[in-house]
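# Notes for the structure review
Next come the chains, spelled out residue by residue.
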Amino acid sequence: MSDARAAMRPGPGAPRSYAFPRAAEHRTANGLRILALSMPGRPLAALQLLFHGGAAAESPAESGLTALLAKLLTEGGDRHDADGLVEAAELLGASIGAEAGWERVAIGAEVPVARIAPLLDLVAEIALSPRLPEREVERLKALRLAAIEQAHASPRTRATEALLASIYADGAAYGRPPGGTPESVAAIDRDALLLRHARLLVEGEPLLVVAGELRPDELFAAVEASPLATLRAHPAPPPAGADRPAPPPAPGNAPRVALHDRPGSVQSELRIGRLGRSRLAPGFHAALVHGEIVGGLFGSRLNRVLREERGYTYGAGAGFDFRRGRGPFTMRTAVESSVTAPALAEARRQLSSPLTDPVTAEELDAARDYLRGTFPLRFGAAPPVVATVAGLTAVGLPLSDLDEYREAVAAVDAAAVRRVAEELESESERIVVVGDASIAAGPLRDEGFDVEVIPDAAATA
Amino acid sequence: MAAQAALAPLPIRDGRLSNGLRLITVVDRTAPIVAVNIWYHVGSKDERPGRTGFAHLFEHLMFQGSANVTKAEHLSLIESLGGNANATTWLDRTNYFATVPAEWVELIVWMEADRLATMLEGLDQEKLDNQRDVVKNEKRSSYDNQPYGNAYIELFELAYPAGHPYHHPTIGSMDDLDAASLEDVREFFASWYAPNNAVMTIVGDIDEEAVRAAVERHFGGIPVNPSLPSHPDLQLAAPLGGEVRREVVDRVPDPRVHFAFRAPVISSPELDALSVATLILASGRGSRLYRRLVREEQLAQDVSLSLLPFAGGASLAVGAATLRPGADPERLERTFVKELDRLAAEGPTETEMRRARAIAESEALAERTDVEEIADTIGMYATLLDDPEQVNRDLAATLAVTAEQVRAAAAIFAAQNRIVLWYRPERER
């Protein structure tokens, strides 16, 4: 029976072709750049209006200002108050929101294609003349402060934030949560937000990206007829050094662990990180393949050993976070408290393993096939197409990068992956554990780690 | 409106193999991908006492290999095709789903058939022990170690009486997971995992005849289970009969109030009106609860209210609001309830009805570009309602709901049908 089934195992059928949607480009007289991606069969369009300048450009004192401004944009403009704006959008069947990324501020929306034109007017209203009402400023500040507390109470977020703070220098934006710190958020007032908004309109080049079942010429005409046509392009200020790394730790024999005590935790959140690489650095595709093999795929080395062999965890992952500057490389997992030490030791072994145990032909195939094959699935709907175009342009890459992607991934070999691993290994390793120190500290020391216990803030408050 | 015109009915082709496997196919050439989805009509409601969490543990074991697929090969292989796959277990069912580039559809069908025909040949104690540990860590990660992580477990415990099949959580208890044996796995597989207890739905860029023939080829030889067990009785002996309250003191940053209300079952036509009611109350920043609690009175950091539809007994409407630091918790609860009562007394406005319709239309458009979602919805309706065509009536039914029906549906929010669960921090801020 099973022999018969084995013999019936099918190969692929006739391959289908897939092409990332083509972008038609238009620039208004004032300099707004528009990219229109036609996607037949997607009557729900997605759009993003992007402005230069995100959390990466903030000083420590400004931290969270751009994120709060983004939240406030949807609290009304010169024609609609907050409720009126939501109502106007919903009556179009649209959702509208805004958020700050590392490099830019994005106003995003989804709307049935037939109603793009009236939606553009709403987008223009909040982009050009947001109301920023005093009462909503105070309300959203209070909500942000509460959200920071909520994030800190989650062991996952707490571990990730502590890790990032340890990788980057004091004051470097990548070491902070983009939403800001309690001190910086508390200091924000309406004047600061007004100034920040004014800068959005006079720094860098605004960009509108739209995808869906649309005709580019009709979209361009609709934008030209909307107040968005008044947006102007300006020179961009230089980047701000968001990725300055922390000084290397004093030389020592034992790897250091910052153990954040969380009494009563039934699991330990484990994080290992190093300074990673810029999206623009050579070897990007090799770094993608490296990430999949080490900690991306279900069958990655980390997940295979920590989950499928040892049962230490529900899942373990690792990889690079590619940004304009050097984003972090992080490993993330949560393990039962009693196996904290062996799980951490095993995770470190797996992360470094490409140097001692070179990646195999099978691993290379699995990672390359996944990265190349996943295009049709990833880009079936309009929102991820817009997000991908937005991401490429945010770091200054041309859209042709996507056309070269699959070939570049196919060309990655074991030597290229090894170079990525070597470069990563040359950066300082940082380790954070959030868990019950009374259970985890002893075994970690026995395993040879240099453990610093950070007391529970809630217990000492 | 334009949006409505774009929603042509899905061309559903429905049939059964001679062994009872229900096979539904839909051709959709929007993207060169295919979703393959199987619903097995077995969920946590079918677990026996002392073995809670077993249906879900079993789901994990279905990925541990079969006669011709090695441990963990299933997911790794699908990834290497550029696809994705997963499974979930819920009260009424267990669903397995994969989406892959179109040329690989038959391989997925073959893998699903291989595990249904030969799963026990791939099973051993080591795999059971490993996945038991993985699932226990899933429980720790997703429930026990998260602030408010066990709220839904508490709500279900309060909404359904002890002994009712929906009373216990799908994730189970640590003791019951520890007790699960290989014999339990064999028995569960033999009882429930049969072609006549499954619906296979395939949606996407397919050659429909070829795919149906492939399913026949790979599944046709799997024997029917002539003595499929019956599902437990889900009837509730009595209404809730009064407000039920519980307070949990836990390691949470701010107080949060959770609500649950028993609601009509999935086959009830009243569910459409109730879903419009929840949309008006809590969908987005224009909703009544958001405006009143978060924006105007600033009592809450967030609010939610949504429907969890179930096959029998009662569905649940569940809601929550996290107290804004410094605000009065009693006033938060009172105001939340007041908004529910006001909808039940006065009904929605005409503008609210128009907004609800526009949102429902856009949501339907978004779902239509997602073959995975289409396949899963069809599998649900075929399994629980014996009516896959319901997917083609959903939007029209929502758009036909009247303001008066919304008002009437909101009657479930009455005090005698209300469960209130408060989470309070161990230390006040």
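See the structure shown above.
First things first, this report covers the structure right here in the doc.

About the thresholds
Residues numbered from 1 in each chain as written. Chains lettered and ligands numbered in written order. Predicted model: local features only at pLDDT ≥ 70, side-chain atom pairs only at ≥ 80, totals over all residues. Contact = placed C-beta atoms within 7 Å. Helix = DSSP H or I, 4+ residues; strand = E, 2+ residues; numbered from the N terminus. Nonpolar A, V, L, I, M, F, W, Y, C, P; charged D, E, K, R; others polar. Core = buried A, V, L, I, M, F, W, Y, C linked by C-beta atoms within 7 Å. Buried ≥ 20, exposed ≤ 12 C-beta atoms within 10 Å, placed from the backbone. Arc of directions from axis to C-beta. Pairing = 2+ DSSP bridges. Axes fitted to C-alpha atoms, helices over the stretch in contact; angles between N-to-C directions.

What follows is about the interface of chain B and chain A. Chain B puts 68 residues into the contact, and the matching count from chain A is 65 residues. Listed by contribution, the elements that provide at least two residues to the side of chain B that touches chain A are α1 (2-6), α3 (73-80), β5 (94-101), α4 (105-118), α5 (125-144), α9 (208-219), α11 (288-296) and α13 (350-368) of chain B. Here the residues of the side of chain B that touches chain A sort into 25 nonpolar, 21 polar and 22 charged.

Further remarks concern the nonpolar core. One finds A45(A), V123(A) and V105(B) to be the most contacted residues of the largest nonpolar core, which totals 267 residues. Per element, the largest residue contribution to this core is nine residues, and it comes from α4(B). Once residues within four sequence positions are removed from consideration, V123(A) is found in contact with L49(A), I107(A), A109(A) and L228(A).

Now for helix α6 (residues 151-159) of chain B. Residue and element names in this part refer to chain B. Buried residues of α6: A151, Y152, L155, F156 and A159, and no others. The buried residues of α6 all sit within an arc of 130° when viewed along its axis, so they share a single face. Elements that come into contact with the buried residues of α6 comprise β8 (256-263), β10 (315-323) and β11 (418-425).

All names here are of chain A. Counted residue by residue, strand β11 (residues 430-435) has six buried out of six residues, so it is predominantly covered. Going residue by residue along β11, you find R430, V432 and V434 tucked away on one face and I431, V433 and G435 tucked away on the opposite face as well. Both strand β7 (residues 256-261) and β11 contribute to a ladder of four bridges, which runs parallel. Across the sheet, residue A258 finds its bridge partner in β11, namely V432. Judged from the five bridges that link them, strand β8 (residues 267-275) and β11 form a sheet pairing that is antiparallel. Bridge pairing links E269 to V434 in β11.

The next subject is the sheet that holds β10(B). Residues and elements named next belong to chain B. Pairing is mixed across the open sheet formed by five strands, whose spatial order is β7-β11-β8-β10-β9. Only two strands of the sheet have a single neighbouring strand rather than two, namely β7 (244-250) and β9 (300-308). Put simply, the sheet's adjacent strands are angled 15° from each other on average, direction ignored. Against the sheet, helix α10 (residues 270-282) engages β8, β9 and β10, with an angle of about 170° to β9.

So, about the environment of R245(B). Its place among the elements puts R245(B) in strand β7. Measuring from C-alpha to C-alpha, the distance between R245(B) and L421(B) comes to 5.8 Å, with 176 residues separating the pair along the chain.

This part takes up unusual backbone geometry. The phi dihedral of L132(A) falls on the positive side, at around 45°, and the residue is not glycine. In this fold, L132(A) is placed in the loop between α4 (116-128) and α5 (134-153). For L132(A), a count of 20 C-beta atoms within 10 Å corresponds to the buried category. The backbone of Q298(B) shows a phi angle near 55°, a positive value even though the residue is not glycine. Here Q298(B) lies in the loop between α11 and β9. Owing to 17 C-beta atoms within 10 Å, Q298(B) belongs among the partly exposed residues under this scheme.

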